[in-house]
Amino acid sequence: MTGLEPFGARLRRAMDERGPLCVGIDPHASLLAEWGLSDDVTGLERFSRTVVEAVADRVAVLKPQSAFFERFGSRGVAVLETTVREAREAGALVVMDAKRGDIGSTMAAYAESFLREDAPLFSDALTVSPYLGYGSLGPAVALARETGTGLFVLALTSNPEGGEVQHAIRADGRTVGATVLGHLAAENAGEEPLGSFGAVVGATLGDLSSYDLDMGGPILAPGIGAQGATAADLPAVFGGAVRNVVPNVSRGVLRHGPDAVALRDAAERFAEEIRAAVASV
Ligand SMILES: O=C(O)c1cc(=O)[nH]c(=O)n1[C@@H]1O[C@H](COP(=O)(O)O)[C@@H](O)[C@H]1O
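Residues numbered from 1 in each chain as written. Predicted model: local features only at pLDDT ≥ 70, side-chain atom pairs only at ≥ 80, totals over all residues. Heavy atoms only, no water.

As annotated in an unreviewed UniProt entry, the protein chain is Orotidine 5'-phosphate decarboxylase from Streptomyces caelestis. Under Sequence similarities (unreviewed entry), UniProt gives the following word-for-word description of the protein chain: "Belongs to the OMP decarboxylase family. Type 2 subfamily." (UniProt positions renumbered as here; feature names shortened; annotations may be inferred.)

Printed below as a string of structure tokens:
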């Protein structure tokens with residue numbers, strides 16, 4: 001046991017103290033260019049450190065997108081390790097966006113890579129895909145319980161292509177996405193004040209009243225900013241579950257760099273809009 005309090009409880013406190021905004025660290029090649037940085041490991045390092053220094057002491061969650069680090073091979077992954085460590089030291093919770101998903105025995109190794117406290121990429125939570133069958137995530141659920149970490153399971157993703165899988169209707173009449181949410185509700189049962197097993201549900205999806213989003217865990221909601229959703233959309237999309245929503249903004253904040261004050265101001269504007277939207281429900 002690591003002695004860490006369960007992720008859901010740590011996240012609830014961070015959301016209450018700092019507001020629920022999650023800033024994504026997505027070092028797109030186009031953003032490196034806009035920031036006047038080289039498209040190499042030096043540029044990647046400067047970019048990531050700037051974001052951490054600008055906002056890690058004030059937002060609840062930072063979400064580095066692993067793909068943009070893996071692009072540079074082992075040296076990029078080394079930058080990711082430093083980014084995660086420095087973000088956590090500055091007081092943010094880190095959700096590693098690596099969207100892992102595989103057969104159970106391999107899933108166990110992915111879980112060890114991100115959710116075991118002595119792992120170089122140890123993070124507070126990990127994004128995972130349930131589309132090899134929810135049960136294949138079992139080893140990650142078990143390790144998260146042991147180490148006080150969490151998972152964000154893709155349920156209803158923000159991209160338009162997601163519907164062909166997630167809205168598909170099963171033999172029992174439920175959609176695949178609703179089934180994932182049902183598994184999460186079972187995982188979080190009895191956990192107070194918030195479970196550690198979250199869902200990813202896009203803020204872009206419009207009315208989701210046919211889904212039971214009240215599954216006792218957090219909802220990571222990407223799609224605000226570059227994908228077209230706004231903070232004001234949150235109440236209509238999430239209804240009463242909006243209190244448990246962690247809205248992610250990546251490019252919408254990052255495009256204001258490289259100036260740290262401008263990045264911070266952009267994050268605070270989104271945070272304020274989100275606070276007002278959640279308070280309106
Ligand atoms: O799991 C995610 O974070 C995720 C799920 C999803 O349904 N949609 C989605 O956009 N994301 C991620 O959220 C971030 C969105 O970035 P922006 O569109 O720049 O704000 C990217 O890192 C995506 O990989």
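A. Seen up close, the sheet that holds strand E7 (residues 219–222). Judged by pairing direction, the barrel is parallel, and its 8 strands sit side by side in the order E1-E2-E3-E4-E5-E6-E7-E8 before closing back on the first. For this sheet, the mean angle separating the axes of adjacent strands, direction not counted, is 30 degrees. Pairing geometry for strand E4 (residues 125–128) and strand E5 (residues 150–156), over 4 bridges, is parallel. Its bridge partner being in E5, Thr127 is matched across the sheet by Phe152. Packing of helix H1 (residues 7–18) onto the sheet brings it into contact with strand E2 (61–64), strand E3 (93–100), E4, E5 and strand E8 (245–249), and relative to E3 it is tilted by some 125 degrees. Against the sheet, helix H3 (residues 41–55) contacts strand E1 (22–25) and E2, and its axis sits at roughly 165 degrees relative to E1. (Pairing = 2+ DSSP bridges. Helix = DSSP H or I, 4+ residues; strand = E, 2+ residues; numbered from the N terminus. Axes fitted to C-alpha atoms, helices over the stretch in contact; angles between N-to-C directions. Contact = heavy atoms within 4.5 Å.)

B. Broad picture of the packing of H3 against helix H12 (residues 260–279). At a minimum axis separation of 9 Å, H3 and H12 run at an interaxial angle of 60 degrees. Accordingly, the angle class assigned to the pair H3 and H12 is oblique. The two elements H3 and H12 cross, and the hand of that crossing is right-handed. Together, Thr50, Val51, Glu53, Ala54 and Val55 of H3 and Ala260, Leu263, Arg264 and Ala267 of H12 make up the contact between the two elements. Looking at the contact of H3 with H12 residue by residue, the classes come out as 6 nonpolar, 1 polar and 2 charged. (Parallel < 35°, antiparallel > 145°, perpendicular 65-115°, else oblique. Left-handed = near helix turned anticlockwise from the far one by under 90°. Nonpolar A, V, L, I, M, F, W, Y, C, P; charged D, E, K, R; others polar.)

C. Expanded view of the site of the ligand. The ligand sits among 19 residues. The nearest are Asp26, Ser158, Gln227, Ser250 and Arg251. At 3.0 Å from an oxygen atom of the ligand is found a side-chain nitrogen or oxygen belonging to Asp97. Here an oxygen atom of the ligand sits 2.8 Å away from a polar atom, N or O, in the side chain of Gln227. Considering the ligand on its own, with 500 Å² of exposed area, one finds that the protein chains cover 90% of that surface. Mapped by element, the contributors of at least two residues to the shell around the ligand are E3, E7 and E8. For the shell around the ligand, the per-class residue count stands at 7 nonpolar, 7 polar and 5 charged. (Near = heavy atom within 4 Å. Polar contact = N/O pair within 3.5 Å; in protein donor to acceptor, adjacent residues only side chain to side chain. Areas by Shrake-Rupley, 256 points an atom, 1.4 Å probe, with all protein chains shown as cover.)

D. Summary view of the packing of aromatic side chains. In total, this model carries 2 aromatic pairs according to the counting rule given. Here Phe7 and Phe152 contribute two aromatic rings whose centre-to-centre distance is 6.0 Å and whose plane-to-plane angle is 90 degrees, an arrangement assigned as edge-to-face. A residue pair is termed long-range when its members are at least 10 positions apart, and Phe7 in helix H1 and Phe152 in strand E5 qualify at 145 residues. (Phe/Tyr/Trp six-rings, centres within 6.5 Å; stacked < 30°, edge-to-face > 60°.)

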